[in-house]
Amino acid sequence: MTRTPTPLSDELFDYLCVNGSPPDAVQSRLIAETATLGHEARLQISPDEGAFLTLLTKLTGARTALEIGTFTGYSALAIARGLGEDGRLTCLDISEEWTRIARRHWRAAGVQDRIELRLGPALDTLTSLPDEPAYDLVFIDADYENYTAYWEQVVPRVRPGGVILVDNVLYHGRVIDPDDTAGTTQAVRQLNERVRTDDRVEATMIHIADGLTLARKK
Ligand SMILES: C[S@@+](CC[C@H](N)C(=O)[O-])C[C@H]1O[C@@H](n2cnc3c(N)ncnc32)[C@H](O)[C@@H]1O
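All values derive from a computational prediction rather than experimental measurement.

A.B. asks: Teacher, can you tell me more about the overall build of the chain here?
C.D. replies: Each helix and strand counted, the chain has eight helices and seven strands in total. For the chain, whose C-alpha radius of gyration is 17 Å, the value lies close to the compact-globule estimate of 17 Å for 218 residues. By principal-axis analysis of the C-alpha atoms, the chain measures approximately 45 × 45 × 35 Å. Residue burial in the chain is summarised as follows: out of 218 residues, 46% are buried. The contacts in the chain between residues at least 6 apart in sequence include a share of 69% that link residues at least 24 apart.

Structure representation (structure tokens):
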């Protein structure tokens, strides 16, 4: 049994991206424009994670999806492409400024008609959504403090057999540091514990980017 994942140097990471659905022209332009934001660019998901989201969306045959945390739109673009032309993706974010960039690139990719963007605190938007299980796939990638609250709002709204993904669940390794008592670290730990004990789902954590929880609603 291999216990230790292969360490990912910068060169190996580039190799992994290049050989696993590298970003196309639209995605490359979105990465480049997001990079001009400076420090905030770190919020964007990585190209390998984007490729994974597109493939998973296709593999599950998802038609309706929800995203919490859109930023400049890379993950939404990845999911929208996986949904196909008749799919619908609802995106929740609070930033007009960042999502303006997203809208431009969605238009360039020809997926803008599949995406509805709702601006405002995601918890408020979520509680205003109908209660019934309407979504085939949900991606949670917003403020850590609300991760568990998002989870509780999302699970009842996912169809049986549907998928819930949560990003950054390893939180750069901070989740296992006993001296790290920051509120954000505790929030990620709390979410991970909730998923582990939630018998409405079966779930696993994938070592992609900063850790991705992949859950299937029973
Ligand atoms: C990590 S980024 C999302 C990255 C995005 N998934 C991508 O692929 O580039 C987190 C996003 O959550 C948004 N956000 C933070 N707090 C929020 C809240 N309370 N309600 C809605 N969105 C929020 C931020 O504006 C930011 O765009």
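So much for the structure itself; the text now carries on.
A.B. asks: Sorry if this is basic, but what is going on with helix α8 (residues 183-197) here?
C.D. replies: Spacing of three or four residues puts side chains on the same side of an α-helix, whose turn is 3.6 residues. Compared with the 21 Å implied by 1.5 Å per residue over 15 residues, the 21 Å span of α8 between its first and last C-alpha is a close match. By the burial criterion, the buried members of α8 are Thr184, Thr185, Ala187, Val188, Leu191, Asn192 and Val195. Projected down its long axis, α8 shows its buried positions confined to an angular sector of 165 degrees, all on one face. Facing away from the buried side of α8, by more than 90 degrees, are the exposed residues Gly183 and Arg196. Against α7 (147-154), β5 (158-167), β6 (201-206) and β7 (212-217) lie the buried residues of α8.

A.B. asks: Any chance you could explain the site of the ligand here in plain terms?
C.D. replies: Taken together, 20 residues surround the ligand, and among them Gly69, Ser75, Asp93, Ala122 and Asp141 come closest. Note that a nitrogen atom of the ligand is positioned 2.9 Å from one of the backbone N or O atoms of Gly69. Coverage of the ligand by the protein amounts to 90% of the 600 Å² it exposes when considered alone. In the shell around the ligand, the residues fall into eleven nonpolar, six polar and three charged.

A.B. asks: Sorry if this is basic, but what is going on with unusual backbone geometry here?
C.D. replies: Note: most peptide bonds trans; most residues except glycine with negative phi. Here Phe71, not a glycine, exhibits a phi torsion of approximately 55 degrees, which is positive. Following the sequence through the fold, Phe71 ends up in the loop between β1 (64-68) and α4 (74-83). Assessed through its relative accessible area of 8%, Phe71 is described here as buried. Look at Tyr171: it is not a glycine, yet its phi comes out positive at around 45 degrees. Looking at the element boundaries, Tyr171 is found in the loop between β5 and α8. Of the residues examined, Tyr171 reaches a relative accessible area of 8% and is grouped as buried.

A.B. asks: Mind showing me how you'd approach the nonpolar core here?
C.D. replies: The tendency in soluble globular proteins is for nonpolar side chains to be buried as a group. Ile79, Leu89, Trp106, Leu137 and Leu165 are the most contacted members of the largest nonpolar core, which has 29 residues in total. Discounting residues that sit within four places of it in the chain, Leu137 has contacts with Leu56, Thr57, Thr60, Ala62, Thr64, Ala65, Leu66, Ile79, Val163 and Leu165. Among the nonpolar cores identified, the runner-up in size contains 27 residues, and Leu66, Ile140, Trp151 and Ile164 belong to it.

A.B. asks: How should I be thinking about a nonpolar patch on the surface in this particular structure?
C.D. replies: On the surface, a nonpolar cluster with roughly 380 Å² of combined accessible area is contributed by Leu8, Leu12, Tyr15 and Leu16. Following the sequence through the fold, Leu12 ends up in helix α1 (residues 10-19). With a relative accessible area of 31%, Leu12 lands in the partly exposed category.

A.B. asks: It is not clear to me how the sheet that holds β1 should be interpreted in this structure. Could you clarify?
C.D. replies: Hydrogen bonding along the main chain pairs the strands of a sheet, whether they run parallel or antiparallel. Strand order in this open sheet of seven strands is β3-β2-β1-β4-β5-β7-β6, and the pairing throughout is mixed. The strands lining the two open edges of the sheet, one partner per strand, are β3 (115-119) and β6. The average angle at which neighbouring strand axes cross in this sheet is 15 degrees, direction not considered. Where β5 meets β7, five bridges bridge the pair, whose relative direction is antiparallel. In the strand pairing of β7, Val166 is matched with Thr213. The sheet strands contacting helix α5 (residues 96-109) are β2 (88-93) and β3, and the helix crosses β3 at an angle near 170 degrees.

A.B. asks: Looking at this model, I keep getting lost on the packing of aromatic side chains. Mind explaining?
C.D. replies: The description of an aromatic ring pair uses the distance of the two centres, along with the angle that the planes make with each other. Here the structure, examined in full by the defined rule, presents three aromatic pairs. Between the aromatic rings of Tyr144 and Tyr147, the centroid separation amounts to 5.3 Å while the plane-to-plane angle is 70 degrees, which identifies the pairing as edge-to-face. Each member of the pair Tyr144 and Tyr147 is classed as buried. Relative to Tyr171, the ring of Tyr144 has its centre 4.7 Å away and its plane inclined at 55 degrees; by these criteria the two rings are tilted. Of this pair, Tyr144 sits in the loop between β4 (135-140) and α7 while Tyr171 sits in the loop between β5 and α8, placing them 27 residues apart in sequence. Given a relative accessible area of 17%, Tyr144 falls into the buried group. Put simply, the rings of Tyr144, Tyr147 and Tyr171 touch in pairs and so form one group of aromatic residues.

Criteria and thresholds
- Residues numbered from 1 in each chain as written.
- Predicted model: local features only at pLDDT ≥ 70, side-chain atom pairs only at ≥ 80, totals over all residues.
- Heavy atoms only, no water.
- Helix = DSSP H or I, 4+ residues; strand = E, 2+ residues; numbered from the N terminus.
- Rg over C-alpha atoms; globule rule 2.2 N^0.38 Å.
- Buried < 20%, exposed > 50% of the residue type's maximum accessible area, 1.4 Å probe, protein only.
- Contact = heavy atoms within 4.5 Å.
- Expected span 1.5 Å × (residues − 1).
- Arc of directions from axis to C-beta.
- Near = heavy atom within 4 Å.
- Polar contact = N/O pair within 3.5 Å; in protein donor to acceptor, adjacent residues only side chain to side chain.
- Areas by Shrake-Rupley, 256 points an atom, 1.4 Å probe, with all protein chains shown as cover.
- Nonpolar A, V, L, I, M, F, W, Y, C, P; charged D, E, K, R; others polar.
- Core = buried A, V, L, I, M, F, W, Y, C linked by side-chain atoms within 4.5 Å.
- Patch = residues over 30% accessible without salt bridge, like charges linked within 9 Å, V, L, I, M, F, W, Y side chains within 5 Å.
- Salt bridge = Lys/Arg side-chain N within 4 Å of Asp/Glu carboxyl O.
- Pairing = 2+ DSSP bridges.
- Axes fitted to C-alpha atoms, helices over the stretch in contact; angles between N-to-C directions.
- Phe/Tyr/Trp six-rings, centres within 6.5 Å; stacked < 30°, edge-to-face > 60°.

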